[in-house]
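Residue-level structural notes
What follows is each chain in one-letter form.
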There are 2 protein chains.
Amino acid sequence: MAFDAIETPFGKTDKIVGGSATYVAYAASYFVKPVQQVSIVGYDFPQEEMDEMKRRGIQLEGVEIIPDKKSFFWSGKYHLDMNSRDTLVTDLNVLLDFNPKIPAAYQGAEFVMLGNLDPVIQKQVIEQLKPRPKLIVMDTMNFWMDIKMPELLETLQMVDVLLVNDSEARQLSGEFSIVKAAKKILTMGPKYLIIKKGEHGALLFHKNEVFFAPALPLEEVFDPTGAGDTFAGGFVGWLAKTNDISFTNMKTAIIVGSALASYCVEKFGPDRLKEISKADIDKRIQEFVDLVSFEIELG
Amino acid sequence: MAFDAIETPFGKTDKIVGGSATYVAYAASYFVKPVQQVSIVGYDFPQEEMDEMKRRGIQLEGVEIIPDKKSFFWSGKYHLDMNSRDTLVTDLNVLLDFNPKIPAAYQGAEFVMLGNLDPVIQKQVIEQLKPRPKLIVMDTMNFWMDIKMPELLETLQMVDVLLVNDSEARQLSGEFSIVKAAKKILTMGPKYLIIKKGEHGALLFHKNEVFFAPALPLEEVFDPTGAGDTFAGGFVGWLAKTNDISFTNMKTAIIVGSALASYCVEKFGPDRLKEISKADIDKRIQEFVDLVSFEIELG
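Residues numbered from 1 in each chain as written. Chains lettered and ligands numbered in written order. Predicted model: local features only at pLDDT ≥ 70, side-chain atom pairs only at ≥ 80, totals over all residues. Heavy atoms only, no water.

Residues and elements named next belong to chain B. Read from one edge of the open sheet, six strands run 8-9-10-11-12-13, paired in mixed fashion. Each of the sheet's edge strands pairs with one partner strand only, and the pair in question is strand 8 (111–114) and strand 13 (209–213). Sheet twist, expressed as the mean angle between neighbouring strand axes with direction ignored, is 15 degrees. Across four bridges, strand 8 lies against strand 9 (residues 135–139) in parallel orientation. What sits directly across from Val112, in strand 9, is Ile136. (Pairing = 2+ DSSP bridges. Helix = DSSP H or I, 4+ residues; strand = E, 2+ residues; numbered from the N terminus. Axes fitted to C-alpha atoms, helices over the stretch in contact; angles between N-to-C directions.)

This brings us to unusual backbone geometry. A cis amide bond links A:Lys33 to the next residue, A:Pro34, at an omega of -5 degrees. For the peptide bond that leads from B:Lys130 to B:Pro131, omega is -10 degrees, which places it in the cis range. Summarising the element assignment, B:Pro131 is placed in the loop between helix 3 (119–128) and strand 9. Of note in the backbone geometry, B:Asn93 takes a positive phi value of approximately 50 degrees without being a glycine. With respect to the helices and strands, the residue B:Asn93 is situated in the loop between strand 7 (85–91) and strand 8. Classification of B:Asn93 by relative accessible area gives partly exposed; the value is 23%. (Buried < 20%, exposed > 50% of the residue type's maximum accessible area, 1.4 Å probe, protein only.)

Our focus in this paragraph is the environment of A:Ser246. Residue and element names in this part refer to chain A. When you line up the elements, Ser246 lands in the loop between helix 8 (227–242) and helix 9 (247–264). Note on Ser246: relative accessible area 29%, which makes it partly exposed. Residues Ser246 and Gly198, 48 residues apart in the sequence, show an inter-C-alpha distance of 24 Å. Here Asp244 takes part through its side chain, which lies 2.9 Å from a polar atom of the side chain of Ser246. (Polar contact = N/O pair within 3.5 Å; in protein donor to acceptor, adjacent residues only side chain to side chain.)

Below is the structure:
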């Protein structure tokens with residue numbers, strides 16, 4: 001839970017609410033309650049945002065508030081293609097002290113989503129969870145591969161599903177071919193691997209199976225910030241709601257996550273996520289169905 | 001119909017048989033006979049290749065043979081990502097004299113595939129066809145947009161389906177967003193637009209409808225030369241076989257074309273295309289079905 005200041009080819013914001021955990025929680029809250037949040041913020045994080053979260057069934061007992069420090073702040077500027085961006089400012093602030101303690105009330109959680117963070121902290125969270133959750137999903141990024149690869153590899157062995165983008169999958173595996181990269185990563189701990197390709201969709205790998213989910217061809221992507229986290233929140237939220245972690249249901253969960261992410265990018269910050277209804281989500285899921293449906297008789 | 005010399009990260013060939021029309025014809029011949037070829041070659045084009053074509057129902061009456069000149073020759077080197085390549089040699093040779101005459105026996109053809117070539121020549125071919133074919137499909141490339149845009153725009157007005165890749169769609173329309181680019185191109189003549197995205201699949205646009213066909217995630221792409229032409233040949237071949245140019249059937253045709261293209265890239269040149277059976281094609285089509293199938297109940 002943090003602040004972002006974002007510039008895209010279409011506009012620019014001052015400091016607004018952001019952060020992986022914010023997007024994940026809002027997305028998941030469409031499907032399951034409670035969502036038990038673990039995060040850290042400073043004195044400056046808006047009380048209204050936390051009230052809004054609580055109204056949506058997001059519990060904040062695991063969110064530490066540091067009274068004399070500021071929340072994490074990131075500022076970035078997207079390039080015209082919206083797939084690449086420059087970081088302008090990273091103020092770690094409270095994140096320097098982040099040493100998450102899982103509240104007793106959270107024990108027994110069955111579905112865990114580890115947002116992108118230091119793999120050492122991700123591991124500490126897993127180790128505190130008793131009993132071991134039914135499904136642990138982990139996000140990470142190239143930054144941790146650059147500076148903490150051994151620690152990342154250790155944490156990887158403890159998770160069920162890994163989320164990375166295509167270049168991160170290549171970096172993690174040392175393989176250029178995405179299929180070879182996926183096969184290798186599936187020997188490193190996770191039983192399921194989701195490779196996100198932005199506007200080109202996402203691939204889900206498990207054993208020898210593969211599923212491809214397209215991205216909706218959108219006329220305009222206004223702000224991609226948080227789209228990956230929203231996808232993850234929708235994905236885990238759907239699995240938790242249905243309490244089914246089969247490959248078949250993960251395919252559905254990816255479509256659900258993609259539908260939510262397609263709304264996220266329509267406005268700056270998590271605002272659009274807070275406006276949409278269940279009917280809006282269903283409408284977009286139907287667009288995915290229509291987008292890839294074809295008929296053919298073989299033989 | 002031409003010669004290529006190709007270098008990829010996986011290997012290298014001497015001069016081998018290639019050319020858009022070669023790939024298109026071999027691919028289409030899996031679905032429909034006769035395929036009536038129009039092309040130009042020199043004294044050096046192998047008689048065995050032409051015999052093989054005839055065996056597959058490809059008529060060569062429209063293929064001019066210039067006895068004292070060489071066939072078109074292209075040589076190129078692919079980069080590691082296989083999406084970009086450097087042209088090393090382009091010897092136009094017989095192509096300098098290409099002034100296609102449609103044989104009387106070809107008149108009445110219902111499905112026409114115009115391979116990538118000077119738009120002026122593409123237009124001359126269309127103008128010779130009486131009556132106007134049921135469906136005219138056109139391929140083109142950035143090269144013609146750079147040097148013959150007015151002529152290209154004229155030819156565009158005469159065709160039903162345009163095939164381009166994503167950067168060409170942007171160049172042709174002046175729009176960065178693929179969806180906006182597609183909408184604009186659909187006002188320029190073609191009623192259907194296929195945007196090829198290589199390893200990221202292909203999009204079909206028509207009126208307000210859109211269909212997305214993924215590419216199969218392949219472990220290795222050995223040589224992408226001819227994949228686009230093979231796709232086009234499979235696409236048109238399927239439409240001709242089924243004699244159905246509805247949007248619904250075009251979606252199927254795109255999957256069929258993608259299945260053929262996925263074989264094409266497994267070996268240098270058109271060799272792999274000549275080996276495969278109807279069962280192989282069906283097998284790969286089934287992989288496309290499995291790749292994108294998911295189940296969800298809305299509401």
